[in-house]
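The chain contents come next:
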Amino acid sequence: MASTNMSAFGAMFFSMISVLWVWYVVTLIAGWKMFTKAGEKGWKSLIPIYSDYIRFKISWSGGAFWLYTLASAAQYIIPLFAEAPPAVFSLIALAAIVIKFMQTMKLSQAFGHGILFGIGLWVLEPLFIAILAFGRSEYQGKP
C-alpha cells in the first residue's frame, strides 16, 4: 500500500516538474521572440535582471527600472539599518507595485494593445508575453 502511494506521488511530482519545465522553456522562447519584435537581441531575454531592464527600456525607460529596483530592494534593506513604522514599508511596496503596473500598461501600449490586455499582462504575465510574441502584435515603440 505504501509503495503504491509513493509511486503515485512520484508520478504526480514528476508530471508537475515536467509541466513546469515546459512552461519555463515556452516562457523563455516567448521572451526571446518578444524582444526580437521590439528590435532587441533575443538573448537579452535570458539574463534575469537584465531582461527586466530591457523590458522597461522597450516599454517605458531604463530610469523607471532603477526606480522600481530601488523601491523593491528598499523594503528589505531599510529594516536592516533603521527602525521604521510599518506604513513606510507599505508605501514603498505600493510604489514598487504601481511602477510595475505602469510598466505592464506601457508594454501593452507599445505592442498596440489597451488597458484590458495590460491588466492581463500584469496578472498572467507569462501567458500574455506568449500572446505578444506569437500573436499578430507588432512593436509600435514606446507610448
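Below you will find a few notes about this structure. Model, not experiment: these values are computed from the prediction. (Residues numbered from 1 in each chain as written. Predicted model: local features only at pLDDT ≥ 70, side-chain atom pairs only at ≥ 80, totals over all residues. Heavy atoms only, no water.)

### Overview of the environment of Lys-33
- Mapped onto the fold, Lys-33 is located in helix H1 (residues 2–37).
- With 97 residues separating them in the primary sequence, Lys-33 and Ala-130 have C-alpha atoms 8.6 Å apart.
- Ignoring sequence-local partners within four residues, the contact set of Lys-33 consists of Ala-133 and Phe-134. (Helix = DSSP H or I, 4+ residues; strand = E, 2+ residues; numbered from the N terminus. Contact = heavy atoms within 4.5 Å.)

### Re the pattern of salt bridges
- Here the structure, examined in full by the defined rule, presents four salt bridges.
- A salt bridge links Glu-40 to Lys-57, with the shortest nitrogen-to-oxygen separation between them at 3.7 Å. With a gap of 17 residues between them, Glu-40 in the loop between H1 and helix H2 (48–59) and Lys-57 in helix H2 connect regions that are remote in the sequence.
- Look at Glu-40 and you get buried, because its relative accessible area is 15%.
- The exposure class of Lys-57 is partly exposed, given its relative accessible area of 31%. (Salt bridge = Lys/Arg side-chain N within 4 Å of Asp/Glu carboxyl O. Buried < 20%, exposed > 50% of the residue type's maximum accessible area, 1.4 Å probe, protein only.)

### With respect to the packing of aromatic side chains
- Evaluation of the coordinates by the stated rule reveals twelve aromatic pairs.
- Taken together, a centroid distance of 5.8 Å and an interplanar angle of 90 degrees make the contact between Trp-21 and Tyr-24 edge-to-face. Separated by three residues within a single helix, Trp-21 and Tyr-24 lie in helix H1, roughly one turn from each other.
- Note on Phe-56 and Trp-60: the rings are 6.4 Å apart at their centroids and 15 degrees apart in plane angle, and the pair reads as stacked. (Phe/Tyr/Trp six-rings, centres within 6.5 Å; stacked < 30°, edge-to-face > 60°.)

### Observations concerning the packing of helix H5 (residues 115–123) against helix H6 (residues 125–134)
- Running from N to C, H5 and H6 point in directions that differ by 130 degrees, and their axes come no closer than 5 Å. Considering their axes alone, H5 and H6 lie oblique with respect to each other. Here Phe-117, Gly-120, Leu-121 and Val-123 of H5 come into contact with H6, specifically with Glu-125, Phe-128, Ile-129, Ile-131 and Leu-132.
- In the contact of H5 with H6, the residues fall into seven nonpolar, one polar and one charged. (Axes fitted to C-alpha atoms, helices over the stretch in contact; angles between N-to-C directions. Parallel < 35°, antiparallel > 145°, perpendicular 65-115°, else oblique. Nonpolar A, V, L, I, M, F, W, Y, C, P; charged D, E, K, R; others polar.)

### Some words on the side chain of Ser-45
- Its location among the elements puts Ser-45 in the loop between H1 and H2.
- A polar side-chain atom of Ser-45 sits 3.2 Å from the main-chain amide nitrogen of Trp-32.
- Side-chain polar atoms of Ser-45 contact the backbone oxygen of Gly-42, separated by 2.8 Å.
- With near-sequence residues (within four places) excluded, Ser-45 lies in contact with Leu-28, Gly-31, Trp-32, Phe-35 and Ser-51. (Polar contact = N/O pair within 3.5 Å; in protein donor to acceptor, adjacent residues only side chain to side chain.)

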